[in-house]
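The primary structure of each chain is shown beneath.
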Amino acid sequence: MSNFAPKFLMRLRIHPLLYELRYPFRLATGSRTHTNAVLTEMEWQGFRGFGEAAMPPYYGENHETASGFLRSLSDSGILSAGLKDWSETAPIRELIEDTMAQVDALTPGNHAAKASVDIALHDLWGQVVKKPLWELLAVSPGEMPPTSFTLGMDRPEVLQKKLEEALDFQIIKVKLGSDDDRSIIRTVRAMTDKPIYADANQGWQDREAALDLTHWLAEQGVRLIEQPFPKDDLASAAWLSARSPLPVFADESFQRLADLDRVADHFHGVNIKLMKCTGLSEGFRALQAARLRGLQCMVGCMTESSCGIYAAALLAPQCDFADIDGCWLIQNNPFELPVLTAGRVQMSSKAGLGLTPKANFL
């Protein structure tokens, strides 16, 4: 753990972690057993807020890059300056957005590290005014959509075990993108009749074959398709979207709000992830902008702890679909799990995000 203590009584603590997955996570392109993460803890005037950077290897962030960015941010004084005007009556949401604009401009990239700062600031806001974030952000918990539960590629007996452990989830997300896509769906469909979200993870190449598969997937109870083609092949995405019986969502093709104009005419919807778009401040703006463009919206996640999932859940009631199961995929979550009811994440009545740290961590 590293400690940084800028001026104005604000302290930034960094907790580098290695989230261990409950099962090896296999895609068509490879397998991994853990995810690098950093929990960012901000303490100000006796209040404490948490944020999270979950950093799968394919986005290029890790402990070293995140710690380096947070160290430079601490030295910059941006956070201290942004916090000094906080009070119970201050327009804190606007102050957070102004602060995050400066944080984002400090250096390029580091999206997950920036998200950890944004989430911590929001959690701290709730602690300062002693209210849950969903109330402060005018989120409607009763409109929470069910979240899917993700199945990586695996042997049939392991898939069966995963499904048995995920009985509270009402939707299954299946990773595709290999030559065995039909076999994978048949195997899962033999085990459950729950609706399926299909994520091709950029694995499809042939347009006609993809269209034929999409019609077959619709017959199997699949509800949507994520990222069918390589992220820069927008022409193929547009071709499929114009013909597909299922909505086609951009994930890797859509990272941040600035990407919206580039992808809006090529997909039916976008997958908004806080770790891609630097947190809640931009996440809500991306959601609103996507709606104005007539796009459907999904809120997604990486393999994250309850910290990241509670934050992502704040966007979910305004989205059509949710895939915020990350904290159920890891075995060393530093916080207690959210309550899940009929497959829906329940918002906490506690201040801020509503986190309960486990005694053996903090």
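K.L.:
Please provide a residue-by-residue account of the overall build of the protein chain, values included.
P.N.:
Secondary structure summary: the protein chain contains 13 helices and 14 strands in total. Taking 21 Å as the expected radius of gyration for a compact globule of 362 residues, we find that the protein chain reaches 20 Å, a close match to that expectation. Dimensions of the protein chain along its principal axes, counting C-alpha atoms only, are 60 × 40 × 40 Å. Taken across its 362 residues, the protein chain has 58% of its residues classed as buried. Taking the intrachain contacts of the protein chain between residues at least 6 apart in sequence as the baseline, contacts between residues at least 24 apart amount to 67%. Surface summary for the protein chain: the accessible area is close to 14,300 Å², and the carbon and sulfur share equals 48%. Here the protein chain holds 36 positive side-chain charges and 45 negative ones, and the gap between their average locations is 2 Å.

K.L.:
Could you give an account of the environment of Asn-110, naming the residues involved and the relevant values?
P.N.:
Looking at the element boundaries, Asn-110 is found in the loop between helix H3 (92–106) and helix H4 (111–129). Of the residues examined, Asn-110 reaches a relative accessible area of 17% and is grouped as buried. The spacing of Asn-110 and Glu-304 is 194 residues in sequence and 17 Å in space, taken between C-alpha atoms. If near-sequence neighbours (up to four positions away) are discounted, Asn-110 is found in contact with Glu-61, Thr-65 and Phe-69.

K.L.:
Residues and numbers for H4, please.
P.N.:
Compared with an ideal rise of 1.5 Å per residue, which puts 19 residues at 27 Å, H4 spans 27 Å between its outermost C-alpha atoms and is within 8% of the ideal. H4 sits mainly inside the fold: 17 of its 19 residues count as buried. In the stretch just after H4, Lys-130 is the one whose phi turns positive, near 60 degrees.

K.L.:
Give a description of the packing of aromatic side chains that names residues and reports values.
P.N.:
For the coordinates displayed, the defined rule picks out seven aromatic pairs. With centroids separated by 5.5 Å and ring planes inclined at 70 degrees, the aromatic side chains of Phe-50 and Phe-335 adopt a geometry described as edge-to-face. Of the two residues, Phe-50 is situated in strand S4 (residues 47–55) and Phe-335 in the loop between strand S12 (321–322) and strand S13 (340–341); the sequence distance between them amounts to 285 residues. Taken as a pair, Phe-50 and Phe-335 share a single burial class, namely buried. Between the aromatic rings of Phe-149 and Phe-169, the centroid separation amounts to 5.0 Å while the plane-to-plane angle is 45 degrees, which identifies the pairing as tilted. Of this pair, Phe-149 sits in strand S5 (residues 148–151) while Phe-169 sits in the loop between helix H6 (156–165) and strand S6 (171–175), and the two are 20 residues apart along the sequence.

K.L.:
Tell me about the pairing of S5, and please be specific about residues and values.
P.N.:
Of the two faces of S5, the one lined by Ser-148 and Thr-150 and the one lined by Phe-149 and Leu-151 are each fully buried. Bridging between S5 and S6 involves four bridges; their strand directions are parallel. Within S6, the position partnered with Phe-149 by the bridge is Ile-172. Read as a crossover between parallel neighbours, the route from S5 over H6 to S6 is right-handed.

K.L.:
Give a detailed account of the confidence of the model for the protein chain, specifying residues and quantitative values.
P.N.:
Residues at a pLDDT of 70 or more form 97% of the protein chain, whose mean pLDDT is 93. Every residue in residues 1–8 scores below 50 in pLDDT, and together they form 27 contacts with partners more than four places removed in sequence or on other chains.

K.L.:
Can you explain helix H13 (residues 306–313)? Please cite residues and give values.
P.N.:
Here H13 lies mainly inside the structure; eight of its eight residues are buried. Taken as a whole, H13 has its buried residues at Ser-306, Cys-307, Gly-308, Ile-309, Tyr-310, Ala-311, Ala-312 and Ala-313.

K.L.:
Can you break down the side chain of Ser-67 residue by residue, with the values?
P.N.:
Following the sequence through the fold, Ser-67 ends up in helix H1 (residues 63–76). Engagement of the side chain of Ser-67 in a polar contact is seen with the backbone oxygen of His-63, the distance being 2.9 Å.

K.L.:
Go over the sheet that holds S12, please, and point to the residues and values.
P.N.:
Strand pairing within a sheet occurs via backbone hydrogen bonds; the two strands may be parallel or antiparallel. Judged by pairing direction, the sheet is parallel, and its eight strands sit side by side in the order S5-S6-S7-S8-S9-S10-S11-S12 without closing on themselves. The open sheet has two edge strands, S5 and S12, and neither has a second partner. Here strand S9 (residues 248–250) runs beside strand S10 (residues 269–272); their pairing, made up of two bridges, is parallel. Across the sheet, the residue bridging to Ala-250 is Val-270, located in S10. Contacts from helix H7 (residues 181–191) reach S5, S6 and strand S7 (196–199) within the one sheet, and its direction differs from that of S6 by about 155 degrees.

Basis of the calculations
Residues numbered from 1 in each chain as written. Predicted model: local features only at pLDDT ≥ 70, side-chain atom pairs only at ≥ 80, totals over all residues. Heavy atoms only, no water. Helix = DSSP H or I, 4+ residues; strand = E, 2+ residues; numbered from the N terminus. Rg over C-alpha atoms; globule rule 2.2 N^0.38 Å. Buried < 20%, exposed > 50% of the residue type's maximum accessible area, 1.4 Å probe, protein only. Contact = heavy atoms within 4.5 Å. Areas by Shrake-Rupley, 256 points an atom, 1.4 Å probe, with all protein chains shown as cover. Lys, Arg positive; Asp, Glu negative; His and termini not counted. Charge placed at Lys NZ, Arg CZ, Asp CG, Glu CD. Expected span 1.5 Å × (residues − 1). Phe/Tyr/Trp six-rings, centres within 6.5 Å; stacked < 30°, edge-to-face > 60°. Pairing = 2+ DSSP bridges. Right-handed = clockwise from strand over helix to strand, strands pointing away. pLDDT = per-residue confidence, 0-100. Polar contact = N/O pair within 3.5 Å; in protein donor to acceptor, adjacent residues only side chain to side chain. Axes fitted to C-alpha atoms, helices over the stretch in contact; angles between N-to-C directions.

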